[in-house]
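Read off the chains here:
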Amino acid sequence: MHDFDGLVGQIYDTAVEPGRWPQVLETLSDFLEGAATKLTFQNARSLRSEASSVRMPPEADLTYGQYYYKTNVFLPRIARLQAGTLIPVWDLLPREVYQRSEFYNDFCRPGDMCHPIGVVLANEPDMRVVFTCGRARTAGEFEPEHLDRLRRIGPHLVRAASVGLRLSRSEIARSANVEALDRVAQGVLIVAANGEILFANRAAEALLTEADGIRIEKAALRTNTAANTAQFRRLIATAAERSDTAGGVMALARPVPRRPLSVLVAPLTIESSWFVTDRPAAIVFVADPDSAPRSAQDQLRNLYRLTPAEAAVAMAIARGEGLQAAADELDVSLTTARTHLQHVFEKTETRRQAELVRLMATSGLYDRQ
C-alpha cells in the first residue's frame, strides 16, 4: 500500500530543499512500478538540456547533457505542451519511430527507459521541465492503473516545480548581493534570458517608473523604438546564454533635449539550487547622463546607511575639522556629535577617526590630498 499523502509531502519539500529530489524520484519509481525515473530540463532558447535521474547507469546524466539530449525524439514535441500535460508517449510519435532512433537504442534501452510515461512540469519562456518514469523492455508497457497514479500525483509535481522555479529566481537576486546593488547610483537590473526582471535596484526602478528611454510593458523591457528594443533584447539574451557575442553596450534614445541613456549588458553567472545550476541571467547597467551627480555625503549615506547627521559628522572628520566643528554645523551639543560619530564607527566597521578617513579615501569619497 503506497503512502500517497506522504509522497505528496515529500514532493512539496523538494521545492525548498532541492537536495531531496533523488529520494523523491526513487519513491516515485516505486509508486508507478517503474524502473528508472528522471527529470529533464531544457533551456527554451538554446535547447541545451540536462537530466537528473535515479536507477539509470551512473554516467547517464553526464552523457545526456553532453550529447543524447540532441537525439531525444520527444523534446521537440513536448515543447508544444502545457505544464500539467500527461504524456502518453505514443500520442506524440509512432512507437516504431522511437524504437528505431539512436536515443532509444543507445540511451533508453541501457537505462531501462524503453517504455516511458511522463508529465510536463513546466513550460516557461526560458525553461522546460519534464518528469519521466520508464520500464525495461522486458517489463512491458505501463497499465492504465499506472497512468491513473501519474494523473493523481502530476498536479503536485507541477506545483512543486512552479514554487521551485520562483524560489530559484529569488535566489539569483540574493546571490548577486542585491543590498550592495541597491546602493549603486546608476540603474542596475538583473534579467533572465527571456527579459524577465529578477531584480531592479532603486535607481533602476526610478528610471522604469519615469519610463523615459526604458520602461516595462506587458512584463517585458522596452525602449522608445522598436529597433532599440530588439537590439536591447538581443544583448540580454546573448549575455544570459553566455554566447560568443555575449552582451555589449548601446545607447537608448530619448526625446530632446535629454541625452540618451547609456547601457551596458554583461553575463551574470549565478549558482542556482533548483534542478539545474548556473541559471542564465544577465546584468544590465543603465546610466543617465542628465541626472545630477550625487555628493560625496549622499554616497556615504547610501553606502553605509548613515543618517544625514551621521554623514555630516563623518565628512567633517574627513576634512580634519574635528567634532566641535561638526557639532557647530549641526547645531547640536558635542556629546550628541560624539554619539553620531560612534554610530558612524559601528556602521562603517571602523574604530578610530584615522580608520574612518582612510576608508572614505579608499572608497573615493574624500581626497586626502
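Values in this document were obtained by computation on a predicted structure and should not be read as measured data.

J.: Which residues make up the packing of helix H12 (residues 308-318) against helix H13 (residues 322-330), and what values do they have?
T.: H13 packs onto H12 with a crossing angle of 140° between their chain directions and a minimal axis gap of 9 Å. Between H12 and H13, the angle is such that the two are oblique. In the packing of H12 onto H13, the handedness of the crossing is right-handed. In contact with Ala-309, Ala-312, Val-313, Ala-316 and Ile-317 of H12, H13 contributes Gly-322, Leu-323, Ala-326, Glu-329 and Leu-330. When the residues that make up the contact of H12 with H13 are grouped by side-chain class, the tally is 8 nonpolar, 1 polar and 1 charged.

J.: Go over the pattern of salt bridges with me, naming the residues and quoting the values.
T.: The final tally for this structure, using the stated rule, is 16 salt bridges. With its nearest N and O atoms 3.6 Å apart, the salt bridge here joins Glu-33 to Arg-149. Here the residue Glu-33 occupies a position in the loop between helix H2 (21-31) and strand S1 (37-43), and Arg-149 occupies one in helix H7 (residues 144-175), the gap between them amounting to 116 residues. For Arg-149, a relative accessible area of 13% translates into the label buried. Among the charged side chains, a salt-bridge network with shared partners connects Glu-210, Asp-212, Arg-254, Arg-258 and Asp-288.

J.: With reference to specific residues and values, describe the confidence of the model for the protein.
T.: Interpreting fine coordinate detail is not advised for predicted regions of low pLDDT. A residue-level look at the protein finds 85% of positions with pLDDT of 70 or above and a mean pLDDT of 82. Model confidence for the protein, summarised as mean pLDDT per element, is weakest for helix H8 (residues 178-181) at 60 and strongest for helix H6 (residues 102-108) at 94. In the predicted structure, residues 272-278 sits below a pLDDT of 50 and forms 30 contacts with residues beyond four places in sequence or in another chain.

J.: So what about unusual backbone geometry? Which residues, and what values?
T.: Cis rather than trans, the peptide bond between Val-256 and Pro-257 has omega equal to 15°. One can find Pro-257 in the loop between strand S10 (248-252) and strand S11 (261-270). A positive phi angle, close to 55°, is found at Glu-33, a residue other than glycine. Given a relative accessible area of 38%, Glu-33 falls into the partly exposed group. Located in the positive-phi region is Ala-211, a residue other than glycine, with phi close to 55°. Relative to the helices and strands, Ala-211 resides in the loop between helix H9 (202-210) and strand S8 (214-217).

J.: Let's hear about H2: which residues, and what values?
T.: Restricting attention to buried positions, one finds in H2 the residues Trp-21, Val-24, Leu-25, Leu-28, Ser-29 and Phe-31. Along H2, the residues classed as buried sweep out an arc of 160° about the axis, all on the same side. In the segment just after H2, Glu-33 is the residue with positive phi, at about 55°.

Cut-offs used in this document
- Residues numbered from 1 in each chain as written.
- Predicted model: local features only at pLDDT ≥ 70, side-chain atom pairs only at ≥ 80, totals over all residues.
- Heavy atoms only, no water.
- Axes fitted to C-alpha atoms, helices over the stretch in contact; angles between N-to-C directions.
- Helix = DSSP H or I, 4+ residues; strand = E, 2+ residues; numbered from the N terminus.
- Parallel < 35°, antiparallel > 145°, perpendicular 65-115°, else oblique.
- Left-handed = near helix turned anticlockwise from the far one by under 90°.
- Contact = heavy atoms within 4.5 Å.
- Nonpolar A, V, L, I, M, F, W, Y, C, P; charged D, E, K, R; others polar.
- Salt bridge = Lys/Arg side-chain N within 4 Å of Asp/Glu carboxyl O.
- Buried < 20%, exposed > 50% of the residue type's maximum accessible area, 1.4 Å probe, protein only.
- pLDDT = per-residue confidence, 0-100.
- Arc of directions from axis to C-beta.

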